[in-house]
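Examining the three-dimensional arrangement
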Amino acid sequence: MLFSRLLSVLPQPINIPTDQAPAVLPPTISTFIAAAVGISEAHVSSFWMRDDIWALPPQALTQEDKELFRKHGWKYGLTSMVMYPPSDFCTNPKCGRCKPLKKVHAVQIIVYTLASGVVPAWEVQLYCLDCNTTYYPNYSAQHGTRTYHDGDIPQYISIGAHQYTERQLIASWISYMLITSVSATNCSRAYDMGTQNPNAVFGSGTG
Ligand SMILES: [Zn+2]
């Protein structure tokens, strides 16, 4: 159900179970859900306290759900996209910490996507108190040295401070540059035109 899907991606304190209703309903979340679902805030409050809703298995957001975040949530800092480091544990082989990383820091970022344009998001950072390593979604950093996580190229790639780009978008830019010799600058301009003001691509159209 829509109510449950929207709740599944909203930020919650990490020290409470995810299958039980949190005691506090933040006002911004209440206002967002009421507007997105089309119900009163009184109904949001009563749904919020039902454990059966929180016990539902997580479901993927639809494109329509993401649009609800764009329309009703972004102004409150609520977004459908949150990026986490790939593990809750310290992966430094020289570190003996076995407990999950607890210290959490969230930074607001923007993500350039292929299908949805520019999307605001949160980047969650974890910190190991034992070896002073900070874990980001793409890499870890210790004493000024950055180490990228093992594995496949991630779906979202950090391209600068507080900015990520979707891997498929980068692939499309590379294709344009290789096949049509379009410059990186013009790839960026085309992306801006197509995502931020799609009508500009087609002109005013009024003749
Ligand atoms: Zn560590």
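In this text, all values refer to a predicted model and were calculated from it rather than measured experimentally.

Turning our attention to the overall build of the chain. Of the regular secondary structure elements, the chain holds eight helices and eight strands. Expressed as a percentage of the 207 residues in the chain, the buried residues total 33%. Here the analysis covers contacts within the chain between residues at least 6 apart in sequence; of these, 55% occur between residues at least 24 apart. Summed over its atoms, the accessible surface of the chain is roughly 12700 Å², and 57% of this surface lies on carbon and sulfur atoms.

On to the nonpolar core, then. Ranked by size, the top nonpolar core spans 18 residues in total, and within it F3, L7, I29, F32, I33, V44 and W48 carry the most contacts. Of all elements in the fold, only α1 (2-8), α2 (27-37), α3 (41-48), α4 (51-54) and α5 (63-73) reach the threshold of two or more residues within this core. Ranked by the residues each element gives to this core, the list is headed by α2, at five residues. Residues in contact with V44, not counting those within four places in the same chain, are F3, L25, S30, I33, A34 and I39.

Another point: the pattern of salt bridges. Note on pairing: side chains with opposite charge can pair once their charged atoms come close. One pass over the full model with this rule turns up four salt bridges. For R50, the salt bridge goes to D52, with nearest N and O atoms at 2.9 Å. R50 gets classed as partly exposed once you look at its relative accessible area, which sits at 37%. Residue classification places D52 among the partly exposed residues on the basis of a relative accessible area of 44%. As a salt-bridge pair, R97 and D130 come within 3.3 Å of each other at their nearest N and O atoms. Of this pair, R97 sits in the loop between β1 (82-83) and β2 (103-112) while D130 is found in the loop between β3 (118-128) and β4 (133-135), placing the two residues 33 residues apart along the sequence.

Residue position: T113 is located in the loop between β2 and β3. Of note is the side chain of T113, whose polar atom sits 2.7 Å from the backbone oxygen of G117. Dropping the residues within four chain positions of it, T113 is found in contact with M81, V119, Y156, E166, L169 and Y191.

Take the packing of α2 against α5 next. In the contact formed by α2 and α5, the axes pass within 9 Å of each other and the chain directions differ by 125°. Taken together, the axis directions place α2 and α5 in an arrangement best described as oblique. Between α2 and α5 lies a crossing whose hand is right-handed. Contacts from F32, A35 and A36 of α2 reach α5 at L68, F69, H72 and G73. For the contact of α2 with α5, a count of residues per class yields five nonpolar, two polar and no charged.

About the cut-offs
Residues numbered from 1 in each chain as written. Predicted model: local features only at pLDDT ≥ 70, side-chain atom pairs only at ≥ 80, totals over all residues. Heavy atoms only, no water. Helix = DSSP H or I, 4+ residues; strand = E, 2+ residues; numbered from the N terminus. Buried < 20%, exposed > 50% of the residue type's maximum accessible area, 1.4 Å probe, protein only. Contact = heavy atoms within 4.5 Å. Areas by Shrake-Rupley, 256 points an atom, 1.4 Å probe, with all protein chains shown as cover. Core = buried A, V, L, I, M, F, W, Y, C linked by side-chain atoms within 4.5 Å. Salt bridge = Lys/Arg side-chain N within 4 Å of Asp/Glu carboxyl O. Polar contact = N/O pair within 3.5 Å; in protein donor to acceptor, adjacent residues only side chain to side chain. Axes fitted to C-alpha atoms, helices over the stretch in contact; angles between N-to-C directions. Parallel < 35°, antiparallel > 145°, perpendicular 65-115°, else oblique. Left-handed = near helix turned anticlockwise from the far one by under 90°. Nonpolar A, V, L, I, M, F, W, Y, C, P; charged D, E, K, R; others polar.

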